[in-house]
2 protein chains.
Amino acid sequence: MLILMISISMENKEVKLLGLWSSPFPVRVIWALKLKGIEYEYIEEKDLMQNKSPLLLQSNPVLKKVPVLIHGGKPICESLNILEYIDEVWSHNRLLPEDPYEKAVVRFWAKFAEEKLVESARTMLTSEGEELEKEVKQLEEALDILEKEMKDLKKKFFGGESIGYLDLVLAWSVLWLEIIEELSCGKKISDTHRYPTFNRWMEDVKNINIIKENLPSKDQLTVYLLYVRNLALASKANN
Amino acid sequence: MLILMISISMENKEVKLLGLWSSPFPVRVIWALKLKGIEYEYIEEKDLMQNKSPLLLQSNPVLKKVPVLIHGGKPICESLNILEYIDEVWSHNRLLPEDPYEKAVVRFWAKFAEEKLVESARTMLTSEGEELEKEVKQLEEALDILEKEMKDLKKKFFGGESIGYLDLVLAWSVLWLEIIEELSCGKKISDTHRYPTFNRWMEDVKNINIIKENLPSKDQLTVYLLYVRNLALASKANN
């Protein structure tokens, strides 16, 4: 009884999220909070490049990055870490499987997607020529592996028949990856016949209300990412 | 009752570990299994560079790396992921805190240590000159942050008064980091007066029987890491 009371009081503590509209990481936390129906206050980090807010510096002094979830005054950093925390504190509408082996499989693929897809997209956005070509090849190979895994799974989502942790981890690709591919290569890479299952998954994810309603506008994000790209290329050219 | 029976039968299934004596990652799993008193069969991956075993290729087809824990025929990959799995299946002698917030803090620092310390050590081992200097600076800054955190914690171990998950994640530093520092810089970096708390922690960790009895010999590892270093430097010089 006491445990239940503690758990209820923990769930009901104030939730704040420090985010940034143009980043693909805080949006994962927004999706998770909305899927669970958790009330929260969203605080936009207005000038992450030049002038970080005192609340951010105080809540994430080591990395100084968003997202930060502040729950009952306690900060939790790193988006994947936050998703696990949310799923443990608010255990309804489970995002992660409860079975330890299934959970380990899901965590393995989340790490794979972070290390391969996110890193490739990050490099592609700020490179051209040979460096870009090399990175595109790596992205294609990572997508080959993901395509095979998704095909073998034979499920609508990575989370099963409804959306789960791994879908939230990967769902940035439906907007950010597409824009980065177009800006850097002038063509789509992930959205081709080479990846039929990944494409079907992207379509299914895009059709989920909570996902699409919380994505930034494609036009605005394109303008912003083009600005970041041009700045990075100019800086490389000057070095 | 049924749940208890399933859980017991899961715990008792056969455990195998694919490892490699010279790697700092499988040893984390060995430490965790020994701390929990779990019986297992250790299988050394004899020629990871040239000739990976069929069992490794079949159990970890994506990364083709050790460690792999095979539990009841099912493979789990990536050392941090394996530690979490072990702690969930064999829940006695907890490695991770049970409180979701404490757990999130521990996971944050594990990721930090992997991304900063492990990556710096990896680069230091295979670099010299300016590249080495830059990486040493990054290592020192990461150790500054860790020193502050450990000092503020005021606990004997990262896991509290007894050894836990974060200690196992960091404990490679008591042997591998020291050797890499000596081979690349000709001097100790982590083991100086700049990091008194980290050093006290290293001494405490080295004195735990399960840790020290399962470390490779310093002489053997030094010879091996020197070979890796010379090979990498020669390959860079030829490019």
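Being a predicted model, the structure only gives us computed values, none of them experimental.

## What to know about the nonpolar core
For step 1, the next point in the chain: Leu69(B), Tyr85(B), Ile86(B) and Tyr165(B) are the most contacted members of the largest nonpolar core, which totals 77 residues.
For step 2, the next point in the chain: When residues of this core are assigned to their parent elements, the largest contribution, eleven residues, is made by helix 5 (residues 100-125) of chain B.
For step 3, the next point in the chain: The next biggest cluster of nonpolar side chains, apart from the first, holds 76 residues, and it includes Ile86(A), Leu170(A), Ile211(A) and Leu18(B).

## Notes on the domain arrangement of chain A
Residues and elements named next belong to chain A.
For step 1, the next point in the chain: Entries for chain A in the domain assignment read domain 1 (2-89) and domain 2 (100-238).
For step 2, the next point in the chain: Of note, the centres of domain 1 and domain 2, computed from C-alpha atoms alone, are 23 Å apart.
For step 3, the next point in the chain: Contact with domain 1, which involves 16 residues of that partner, is made by 20 residues of domain 2.
For step 4, the next point in the chain: Between domain 1 and domain 2, a total of about 1800 Å² is buried, with carbon and sulfur atoms accounting for 72% of that surface.
For step 5, the next point in the chain: Area buried by domain 1 at its contact with domain 2 is led by Trp21, Arg28 and Trp31, which between them contribute 36% of it.
For step 6, the next point in the chain: Summed over the shared surface of domain 1 and domain 2, the number is two salt bridges.
For step 7, the next point in the chain: The closest approach of N and O atoms between Glu84 and Arg107, which form a salt bridge, is 2.8 Å.
For step 8, the next point in the chain: Counting every contact that joins domain 1 to domain 2 gives five residue pairs in polar contact (both at pLDDT 80 or more).
For step 9, the next point in the chain: Contributing elements (two or more residues each) for the side of domain 1 that touches domain 2: helix 2 (26-36) and helix 4 (79-89).
For step 10, the next point in the chain: Per element, the largest residue contribution to the side of domain 1 that touches domain 2 is seven residues, and it comes from helix 2.
For step 11, the next point in the chain: When grouped by side-chain class, the residues that make up the side of domain 1 that touches domain 2 number eleven nonpolar, two polar and three charged.

## Describing the side chain of Glu135(B)
Residue and element names in this part refer to chain B.
For step 1, the next point in the chain: Looking at the element boundaries, Glu135 is found in helix 6 (residues 129-153).
For step 2, the next point in the chain: Notably, Glu135 is buried but unbridged: the nearest opposite-charge side chain belongs to Lys134, and the N-O separation is 6.0 Å.
For step 3, the next point in the chain: Among the polar contacts made by the side chain of Glu135, one reaches the side chain of Ser120 at a distance of 3.1 Å.
For step 4, the next point in the chain: Not counting the four nearest positions on each side in its chain, Glu135 is found in contact with Glu119, Ser120, Thr123 and Met124.

## Side note on the relation of the copies chain B and chain A
Note that the two copies of the chain are related through a rotation about an axis and a translation along the same axis.
For step 1, the next point in the chain: Of the transformation placing chain B onto chain A, the axial shift is 0.0 Å and the rotation is 180°, giving an RMSD of 0.0 Å. The relationship between the two copies is best expressed as a two-fold rotation axis.

## Overview of the interface of chain B and chain A
Quoted interface sizes are often the accessible area lost when the parts come together.
For step 1, the next point in the chain: The interface of chain B with chain A comprises 25 residues on the first partner and 25 residues on the second.
For step 2, the next point in the chain: Across the chain B/chain A interface, buried area totals approximately 2200 Å², and carbon plus sulfur atoms make up 65% of it.
For step 3, the next point in the chain: The largest per-residue losses of area from chain B upon contact with chain A belong to Val62(B), Tyr101(B) and Phe108(B), which jointly make up 28% of the total buried on that side.
For step 4, the next point in the chain: A salt bridge links Glu78(B) to Lys111(A); the shortest N-O distance between them is 3.0 Å.
For step 5, the next point in the chain: At the surface where chain B touches chain A, the tally comes to twelve residue pairs in polar contact (both at pLDDT 80 or more).
For step 6, the next point in the chain: Mapped onto the side of chain B that touches chain A, the elements with two or more residues apiece are strand 4 (74-77), helix 4 (79-89) and helix 5 of chain B.
For step 7, the next point in the chain: Of all the elements, helix 5 of chain B adds the most residues to the side of chain B that touches chain A, at nine residues.
For step 8, the next point in the chain: When grouped by side-chain class, the residues that make up the side of chain B that touches chain A number 15 nonpolar, two polar and eight charged.

Conventions adopted
- Residues numbered from 1 in each chain as written.
- Chains lettered and ligands numbered in written order.
- Predicted model: local features only at pLDDT ≥ 70, side-chain atom pairs only at ≥ 80, totals over all residues.
- Heavy atoms only, no water.
- Core = buried A, V, L, I, M, F, W, Y, C linked by side-chain atoms within 4.5 Å.
- Buried < 20%, exposed > 50% of the residue type's maximum accessible area, 1.4 Å probe, protein only.
- Helix = DSSP H or I, 4+ residues; strand = E, 2+ residues; numbered from the N terminus.
- Domains from an automatic or database assignment.
- Contact = heavy atoms within 4.5 Å.
- Buried area = accessible area lost by both parts, 1.4 Å probe.
- Salt bridge = Lys/Arg side-chain N within 4 Å of Asp/Glu carboxyl O.
- Polar contact = N/O pair within 3.5 Å; in protein donor to acceptor, adjacent residues only side chain to side chain.
- Nonpolar A, V, L, I, M, F, W, Y, C, P; charged D, E, K, R; others polar.
- Lys, Arg positive; Asp, Glu negative; His and termini not counted.
- Least-squares fit on C-alpha atoms with pLDDT ≥ 70 in both.

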